[in-house]
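Working through the structure, step by step
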Amino acid sequence: MTKNLVVGITGASGAVYAVRLLEVLLAAGYDVHLSISEAGKAVLKQELDINVDLENFQVEPLLMGESAGDSKLDMLRSMAGITSEDSSVLSVREGEQGQILYHHNEDMFASIASGSFLTRGMVICPCSGTTLSAIAHASSSNLIQRAAEVHLKERRPLVLVPRETPLSLMQLDNMRRVVEAGATVLPAAPGWYHGVRTVRDLVDFIVARICDQLGIDNSLMHRWGS
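Small disclaimer: the values here were computed from a predicted structure and weren't measured.

Considerations on the sheet that holds strand 4 (residues 122–127)
- Strand order in this open sheet of six strands is 3-2-1-4-5-6, and the pairing throughout is parallel. Because the sheet does not close on itself, it has two edges, and the strands there are strand 3 (100–102) and strand 6 (184–185).
- Here strand 1 (residues 4–9) runs beside strand 4; their pairing, made up of three bridges, is parallel. Paired with Val6 across the two strands is Met122, which belongs to strand 4.
- Sitting on the sheet, helix 4 (residues 129–136) touches strand 4 and strand 5 (158–162), and the angle it makes with strand 4 is about 140 degrees.
- Sitting on the sheet, helix 5 (residues 143–153) is in contact with strand 1, strand 2 (31–36), strand 4 and strand 5, with an inclination near 135 degrees to strand 4.

Notes on the pairing of strand 1
- Of all six residues in strand 1, six are buried; the element is thus mostly enclosed.
- Burial along strand 1 is two-sided: the residues Asn4, Val6 and Gly8 and Leu5, Val7 and Ile9 are all buried.
- Relative to strand 2, strand 1 runs parallel, the two being bridged by six bridges. Along strand 2, the bridge assignment pairs Ile9 with Ile36.
- Where the polypeptide runs from strand 1 across helix 1 (residues 15–27) and back to strand 2, its parallel neighbour, the crossover connection is right-handed.

Here we look at the confidence of the model for the protein
- Summarising the model, the protein shows a mean pLDDT of 88, and 86% of its residues fall at 70 or more.
- With pLDDT under 50 throughout, residues 84–90 is counted as low confidence; its partners more than four residues away or in other chains account for twelve contacts.

Cut-offs and rules
- Numbering of residues starts from 1 in every chain and runs along the sequence as written.
- Selection of residues for local features in this predicted model requires a pLDDT of at least 70, selection of side-chain atom pairs for listing and counting requires 80 or more, and totals for whole chains, interfaces and linings are taken over all residues.
- Derived side-chain values reflect all non-hydrogen atoms in the structure, with water molecules and hydrogen atoms excluded from consideration.
- Only strands joined by at least two bridges in the DSSP assignment are considered to pair.
- Counting from the N terminus, the helices are DSSP H or I runs at least four residues long and the strands are E runs at least two residues long.
- Any pair of residues with heavy atoms lying within 4.5 Å of one another is described as a contacting pair.
- Angles run from 0 to 180 degrees between N-to-C directions of axes, and those axes are lines fitted to C-alpha atoms, restricted for helices to the stretch in contact.
- Burial status follows relative accessibility: with a 1.4 Å probe on protein chains alone, a residue under 20% of its type maximum counts as buried, one over 50% as exposed, and anything between as partly exposed.
- When the strands point away from the viewer, a crossover counts as right-handed if the route from the first strand across the helix to the second turns clockwise.
- On a range of 0 to 100, pLDDT expresses the predictor's confidence in each residue.

This is the structure we're talking about:
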């Protein structure tokens, strides 16, 4: 089975979920085809103080490794109990590390814009209301939205992670439409039943559920009944 996965980061709150998801997917050995919208770039800066250059992309600032020295990331690592020596940070079975292949959000000739390019699935995390609406109405205007349409038409897993509350009637209707088309709507609403002690536990709950939808084995959370 292909090890290609597509991840889109758009302009909803919850950028920390996307950063953690990238870490986990790479550690699990998947090649991540990544695209970030302009609004997604702004949210990464506002919430995590991560500067992403969409024109000359470098992956290092997105990962919580030694090269990511931004003050907010240091704060998040401290709150989550993560140190640079913490070998358990990835919490997945060890294997060959995957890689990130970046695609500009305006590049409609990218591989992920075509159904002939095989992937295991796609995640939009976080998924903005505008992105949700574009997918629900098949009116894509950027690569992330186009790739999502491709996954629907090819009947491949598409996981959308909205993070907004309260929800309007239009947003609820758009969620209904995409679910009927084959997508999974997975709101960033972490549970509290798995022994929550840190922010990392809450983040990992959502990332674990995303991985579950993609069939990726993980031990990111304590499961009910286990």
